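# Residue-level structure breakdown
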Amino acid sequence: MKNVELRNIKKIYKTGKIEYEALKGVDLKINKGEFIAIVGPSGSGKTTLLNLIGCLDNITSGKIFLEEEDISLLKPKELTELRRKKIGFIFQTFNLMPVLTVYENIEFPLFFSKISSKIRKEKVQSLIEELGLENVSKHRVSDISGGQQQRTAIGRALIKDPIIVLADEPTGNLDSETGMRIIELMKKLNIEKGVTFLFVTHDIMIMNYAEIVYKLRDGRIENEKCIRM
Ligand SMILES: Nc1ncnc2c1ncn2[C@@H]1O[C@H](COP(=O)(O)OP(=O)(O)OP(=O)(O)O)[C@@H](O)[C@H]1O
Ligand SMILES: [Mg+2]
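This text gives an overview of the structure that appears in the document. (Residues numbered from 1 in each chain as written. Chains lettered and ligands numbered in written order. Predicted model: local features only at pLDDT ≥ 70, side-chain atom pairs only at ≥ 80, totals over all residues.)

### Focus on the environment of V195
With respect to the secondary-structure elements, V195 resides in the loop between α6 (176–193) and β8 (197–200). We classify V195 as buried; it has 23 C-beta atoms within 10 Å. With 162 residues separating them in the primary sequence, V195 and G33 have C-alpha atoms 5.3 Å apart. Apart from the residues within four sequence positions on either side, V195 is in contact with L158, V165, L189 and N190. (Helix = DSSP H or I, 4+ residues; strand = E, 2+ residues; numbered from the N terminus. Buried ≥ 20, exposed ≤ 12 C-beta atoms within 10 Å, placed from the backbone. Contact = placed C-beta atoms within 7 Å.)

This is how it looks when you write it as structure tokens:
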């Protein structure tokens, strides 16, 4: 089953009178359970692409389908709702709430859903165990290591059972060994839970974990599909 489909996506940024075409017609099909890396030089449009799939910005033209739903037809409010419920984000700078604990950060997205407090507790607790965060679950995220913060961010992304998890340089702020462990954890969650991951990276070691690598250059995808064995 297809999860995400992009058809001839263009994105033009306008700054005053200056227009810049950051994406020049991108077609992409992402199936459920794929583990995909996007690579490409700085300024090639990687973050732009992730933001569009993640309903964080409006496309200029083209169509994006998330589980068969054409999101280009949605109103801004509906787009926000879809993002909150269905898209997981992992950022380079973690973007966690520093005064909240690990537990509270992971629990946070569920406040937008109608889930009962009992089920909420069970879901958060089981994810905390899966991510190996039991020892720090009551710590504020400002007081834990970078690797633990990134695992918390993965928990926050996964708690809503997202259609896809989008990660922009998820290991960029970590030393290489911690970064490798984070990507191995993502791979494990991909295999065991079938979570679809799309991540941007500059790191060749990290890239090697992906089963599919797309190369972006100057707003276009260069290779049709580069599948690793
Ligand atoms: N909000 C914006 N307004 C105007 N131009 C923008 C905006 N965001 C990005 N751009 C431009 O669009 C192009 C693509 O940017 P994008 O951030 O997607 O690149 P990237 O591949 O993620 O780069 P990096 O590897 O440095 O993060 C760049 O030339 C950038 O300057
Ligand atoms: Mg970027």
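The structure having been displayed, the exposition proceeds.
### With respect to the site of ligand 1
Close to ligand 1 lie Y13, T15, Y20, A22, G40, S42, G43, S44, G45, K46, T47 and T48. With three residues, the single largest contributor to the shell around ligand 1 is helix α1 (residues 46–53). Residue composition of the shell around ligand 1, grouped by class: three nonpolar, eight polar and one charged. (Near = placed C-beta within 6 Å. Nonpolar A, V, L, I, M, F, W, Y, C, P; charged D, E, K, R; others polar.)

### Points about helix α5 (residues 146–158)
For an α-helix, 3.6 residues make a turn, and residues three or four places apart therefore share a direction. Taking 1.5 Å of rise per residue, the 13 residues of α5 would be expected to cover 18 Å, and the 18 Å separating its terminal C-alpha atoms lies within 8% of that figure. Within α5, 11 of the 13 residues are buried, leaving the element largely enclosed by the surrounding structure. The elements touched by buried residues of α5 are β6 (87–91), α3 (102–107), α4 (117–130), β7 (164–168) and α6. (Expected span 1.5 Å × (residues − 1).)

### A few points about α6
Across its 18 residues, α6 extends 25 Å between first and last C-alpha, which sits within 8% of the 26 Å expected from 1.5 Å per residue. Taken residue by residue, α6 has G179, I182, I183, M186, L189 and N190 as its buried positions. Along the axis of α6, the buried positions cluster into a sector of 115°, meaning they face one direction only. Exposed residues lying more than 90 degrees from the buried face of α6 are E177, E184, K188, I191 and E192. (Arc of directions from axis to C-beta.)

### Quick look at the pairing of β7
Of all five residues that make up β7, five are buried, and the element is covered over most of its length. Burial of the side chains of β7 extends over both faces: I164, L166 and D168 are buried on one face and V165 and A167 on the other. Relative to β7, β6 is paired through five bridges, and the arrangement is parallel. Note that in β7 the partner of G88 across the bridge is V165. Sheet topology note: the β7/β8 ladder contains four bridges and is parallel. Following the sheet pairing, A167 is matched in β8 by F199. In this view, the connection linking β7 to its parallel neighbour β8 by way of α6 has right-handed handedness. (Pairing = 2+ DSSP bridges. Right-handed = clockwise from strand over helix to strand, strands pointing away.)

### Things to note about unusual backbone geometry
Unusually for a residue other than glycine, N8 sits at a positive phi of about 50°. In this structure, N8 sits in strand β1 (residues 2–15). Located in the positive-phi region is E169, a residue other than glycine, with phi close to 50°. If you trace the backbone, E169 turns up in the loop between β7 and α6.

### So, the packing of α5 against α6
At a closest axis distance of 10 Å, the pairing of α5 and α6 adopts a crossing angle of 20°. Between α5 and α6, the crossing angle belongs to the class labelled roughly parallel. In this structure, α5 crosses over α6, and the sense of that crossing is right-handed. Listed contacts from α6 to G146, G147, Q150, R151, I154 and L158 of α5 are T178, R181, I182, L185, M186 and L189. Broken down by class, the residue content of the contact of α5 with α6 amounts to six nonpolar, four polar and two charged. (Axes fitted to C-alpha atoms, helices over the stretch in contact; angles between N-to-C directions. Parallel < 35°, antiparallel > 145°, perpendicular 65-115°, else oblique. Left-handed = near helix turned anticlockwise from the far one by under 90°.)

### Here's the deal with the environment of K187
Here K187 lies in helix α6. Since 15 C-beta atoms lie within 10 Å of it, K187 is described here as partly exposed. Along the chain, K187 and F35 lie 152 residues apart, while their C-alpha atoms are 7.4 Å from each other. Residues contacting K187, with those up to four places away along its chain left out, are F35 and Y209.

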